[in-house]
Amino acid sequence: MSDDKFPKYSNIRIDYKIWMSSCDGLEIMDDAKWNLLIAIQEYGSLMAAANKCEISYRKAWGDLKKAEAFLGFQIIEKHRGGKDGGTTALTPDGELLILSYKQFRKDFQESVHQCIIHFKKSLKTNSPTR
């Protein structure tokens, strides 16, 4: 079946957002924090990562500290620097977190993609204009 026969469904797009939170709703990890961690890994600097993600240094620092407090382990480690400034790196736990979250997102995307295909087929198959 081509989408031409069912134009009312051809322009449908399904959007979603995923995040990790505590049982009482405290947000731990979302796309913004995940992108911040990836930028820290890429740039070796919380300031540069915050700039890339277009958030303030203070917000970036606060968000990561809150996540660390809830998780019970350090995600990043900062090293003070001299005239050239310090560095920020992911801890081994932080690296594991982003690798695991990356795999989770990939698996989730594949599952959602299959659900979307099924949904669209269902719309086309059960369409009263068939």
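Residues numbered from 1 in each chain as written. Predicted model: local features only at pLDDT ≥ 70, side-chain atom pairs only at ≥ 80, totals over all residues. Heavy atoms only, no water.

Q: Mind showing me how you'd approach the environment of Ile40 here?
A: Tracing the backbone shows Ile40 in helix α2 (residues 31-43). Separated by 50 residues in the primary sequence, Ile40 and Leu90 place their C-alpha atoms 7.2 Å from one another. Ignoring any residue separated from it by four or fewer positions in sequence, one finds Ile40 in contact with Ser45, Leu46, Ala49, Leu64, Ile76, Thr88, Ala89 and Leu90. (Helix = DSSP H or I, 4+ residues; strand = E, 2+ residues; numbered from the N terminus. Contact = heavy atoms within 4.5 Å.)

Q: Help me understand the pattern of salt bridges, please; the structure alone is not making it clear to me.
A: Counted by the stated rule, this structure contains six salt bridges. As a salt-bridge pair, Asp30 and Lys33 come within 4.0 Å of each other at their nearest N and O atoms. A relative accessible area of 9% places Lys33 in the buried class. With a shortest N-O distance of 2.5 Å, Lys65 and Glu68 are connected by a salt bridge. Of this pair, Lys65 and Glu68 are both found in helix α4 (residues 57-71), three residues apart, which corresponds to roughly one turn of the helix. Judged by its relative accessible area of 29%, Lys65 is partly exposed. (Salt bridge = Lys/Arg side-chain N within 4 Å of Asp/Glu carboxyl O. Buried < 20%, exposed > 50% of the residue type's maximum accessible area, 1.4 Å probe, protein only.)

Q: Help me understand the packing of α2 against helix α5 (residues 92-125), please; the structure alone is not making it clear to me.
A: How two helices sit against one another is set out by the angle between their axes and by the gap between those axes. Axis separation between α2 and α5 bottoms out at 11 Å; the angle between their running directions is 130 degrees. As judged from the angle between their axes, α2 and α5 are oblique. Helix-helix and strand crossings are classified by hand; for α2 and α5 the assignment is left-handed. Contacts between α2 and α5 involve Asp31, Trp34, Leu37, Ile38 and Gln41 from the former and Glu95, Leu97, Ile98, Tyr101, Lys102 and Arg105 from the latter. (Axes fitted to C-alpha atoms, helices over the stretch in contact; angles between N-to-C directions. Parallel < 35°, antiparallel > 145°, perpendicular 65-115°, else oblique. Left-handed = near helix turned anticlockwise from the far one by under 90°.)

Q: How should I be thinking about the side chain of Lys33 in this particular structure?
A: By the secondary structure assignment, Lys33 is in helix α2. A polar contact of 3.0 Å, which involves the side chain of Lys33, links it to the side chain of Glu27. (Polar contact = N/O pair within 3.5 Å; in protein donor to acceptor, adjacent residues only side chain to side chain.)

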